[in-house]
Amino acid sequence: MRADICNSIVIMAEVEMDRNTVLLMIMQYLKANLLTESFETLQREAQLTFSLVYSKTEVRKAILEGAWEKVLVLLKNVSFPDRIISMLYCQIIQELCSNREFDLAAYFLRENAQKAMASDRARYTQLLGIIKSRKLEEWNVEQQRYELADEICSNTIEINSNTKLMDLICLGSLREYQDAVYSAKVKQPKESASGKSREAIPMMKSKPKELPMTPYITTLAKKRSTDEKYHLKTAAYSPDGSTIATGSIDGFIEILDAATLEVREDLGYQQVKQFMLHEHSVLSLAFTSDGNMLCAGDASGLVKIWRITDGKCLRKLLRAHNTGVACCKFMAKNSQVVSGCYGGLVRIHGLRSGALLKEFRGHTSYIVNVLLLDSESALLSAAADGTVRVWDVASSTLRMKFAPRGDLSINSIWQSYLNPEHFLICTKSCELIVVTRNGELVQGMETEEEKKSDFIEACYSSDGHWVYAAAQNLRLYVFDAQDGKLMKTLDKEHDKEILGLVPHPVEAKAVTYGMDGYLILWEA
């Protein structure tokens, strides 16, 4: 076999051909004859990669049918320009989101697409926003599949019996072959700044690839003041980040412009001072995925569903809980609400009927947050009793329970955007921790101060690269989410205890609110 290849090189030397064409012919011959090890060795040593596929027809058919697992297998180890790889990954992730497979889309984006889409930051941010908001605008799936298939097939060379190296040599058609190669627009992948060529499309990877770091919050941008007696108890961003809803101790709900922190007077009811109102303190808020409705839970256990455009109350869940509603979220395509209360119960209510559908018992103190996992088939709840519990939604049974820091009270819990199996937990201590779903410790984060202050709340930045934390000493801290390194300590701006910290869903911003009556916008 090696003698045949050597003789072939001698024969080709008598014909005017460039190095890349010669190498391509040899690599095609090796791949067509399933000499995989020799093919990979030559490709690696020559530092040259070509887009070779066994059947363009099969690749096109798989793309048009949306058989993405098959597409990835067919294109394994095939090299494309970053633009085409980005198109492919974007198509796969958008179709996963169309099928409500948001957790799988997040996993695929994190494990496969990060490096390939690093040069297409706008598209990456758009996909991340879709996954986080669980909202996808209408799009022409079939048309985009055809466009993708055309791009991929026009940038590949098909391996078949007519292109085997020995056949071509025997036919004396080297010049014809060379012309065919260039007419097919075969290009050597451009080198990056580091001198390495682009990677081929990978199969599923176990280790996430890093994106260029985005900015983190560093300075105060806006400061809104209200009377301390009417300070905020909760706040929430709309999914697109354009609006902030706030709930106060006196029961008022205000809709603010997220950039200016001013009341949105384009909403007629707010212009005439007719705000959405509860009789008791508003403790929790959550938007629907489209940002059109708002769920509000108050200190009496009442849950109301409000429409943002006209401020009308669409539904009241009068006996949602017997104690204050500490947290709430929409689920099941905005047809249900899951909420946790001060009494330690988690409940799911149907919005059409108002009926109690599910109840999850076990916590002995107030619920600090609930997270929906595995396409809403599982529910995670964390409470001030120091425990985290994972429930099966269908059967209401407990799947998993762990206490990340023993009896230490949990103040907040956030799921990582970059790795959905990791959770950031803020306990009543001077250390933040990241754990797996099974409670295994991944890493810890703490300040470098000699006299450390307990943390009040912590969250991930919009892209998941940073951790923001508020402490009892009224300071904010920024940590690197990957290695836990302290990156920044922000100046004190609150005069009294910080009650909440909410990250912007898209941009490098966050808001804090406290007992001093201030709502503060932080930005990079």
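Along each chain, numbering runs from 1 in the same order as the chain's sequence is written. Local features in a predicted model are, by the rule used here, given only for residues with pLDDT of at least 70; side-chain atom pairs are given and counted only at 80 or more, and totals for whole chains, interfaces and linings are based on all residues. Each side-chain value is derived from all of the structure's non-hydrogen atoms; neither hydrogens nor water enter the calculation.

Turning our eyes to something else, we now look at the sheet that holds strand β24 (residues 455-460). The antiparallel open sheet is built from 4 strands, whose spatial order is β24-β25-β26-β27. This sheet does not close on itself; its edge strands, each paired only once, are β24 and β27 (486-490). Along the sheet, successive strands turn relative to each other by an average axial angle of 20 degrees, direction set aside. Pairing between two strands requires that DSSP report at least two bridges joining them. Helical segments are the DSSP runs of H or I of at least four residues, strand segments are the runs of E of at least two, and each set is numbered from the N terminus. In this structure, β24 lies alongside strand β25 (residues 466-471), joined through 5 bridges in antiparallel fashion. Opposite Tyr460, over in β25, you have Val467 as the bridge partner. Only the stretch in contact is used when fitting a helix axis, every axis being a line fitted to C-alpha atoms; angles between N-to-C directions are given from 0 to 180 degrees.

A separate point is the pattern of salt bridges. Any carboxyl oxygen of Asp or Glu that lies within 4 Å of a side-chain nitrogen of Lys or Arg is treated as forming a salt bridge with it. Evaluated as defined, the whole model comprises 17 salt bridges. Put simply, Glu142 and Arg145 hold a salt bridge, and the shortest N to O gap is 3.8 Å. Here Glu142 pairs with Arg145, and both are found in helix α9 (residues 141-154), just 3 residues apart, close to one helical turn. Relative accessible area serves as the criterion here: at 44%, Glu142 is assigned to the partly exposed category. A relative accessible area of 11% places Arg145 in the buried class. Working definition: with a 1.4 Å probe on protein chains only, accessible area under 20% of the residue-type maximum means buried, over 50% means exposed, and in between means partly exposed.

Here we come to the packing of helix α6 (residues 82-98) against α9. Running from N to C, α6 and α9 cross one another at 155 degrees; their axes reach a closest spacing of 10 Å. The orientation of α6 relative to α9 falls into the category roughly antiparallel. Of the two possible hands of crossing, α6 and α9 adopt the one that is left-handed. Along the contact surface, α6 presents Arg83, Ile84, Met87, Leu88, Gln91, Gln94 and Glu95, while α9 presents Val141, Gln144, Arg145, Glu147, Leu148, Glu151 and Ile152. Residues are grouped as follows: nonpolar covers Ala, Val, Leu, Ile, Met, Phe, Trp, Tyr, Cys and Pro; charged covers Asp, Glu, Lys and Arg; every other residue, Gly included, is treated as polar. Residue composition of the contact of α6 with α9, grouped by class: 6 nonpolar, 3 polar and 5 charged. For classification, angles of less than 35 degrees are called roughly parallel, those exceeding 145 degrees roughly antiparallel, those between 65 and 115 degrees roughly perpendicular, and all remaining angles oblique. Helix crossings fall into two classes, left-handed where the near helix is turned counterclockwise from the far one by less than a right angle and right-handed where it is turned clockwise. When checking whether two residues touch, look at their non-hydrogen atoms; a contact exists if any pair is within 4.5 Å.

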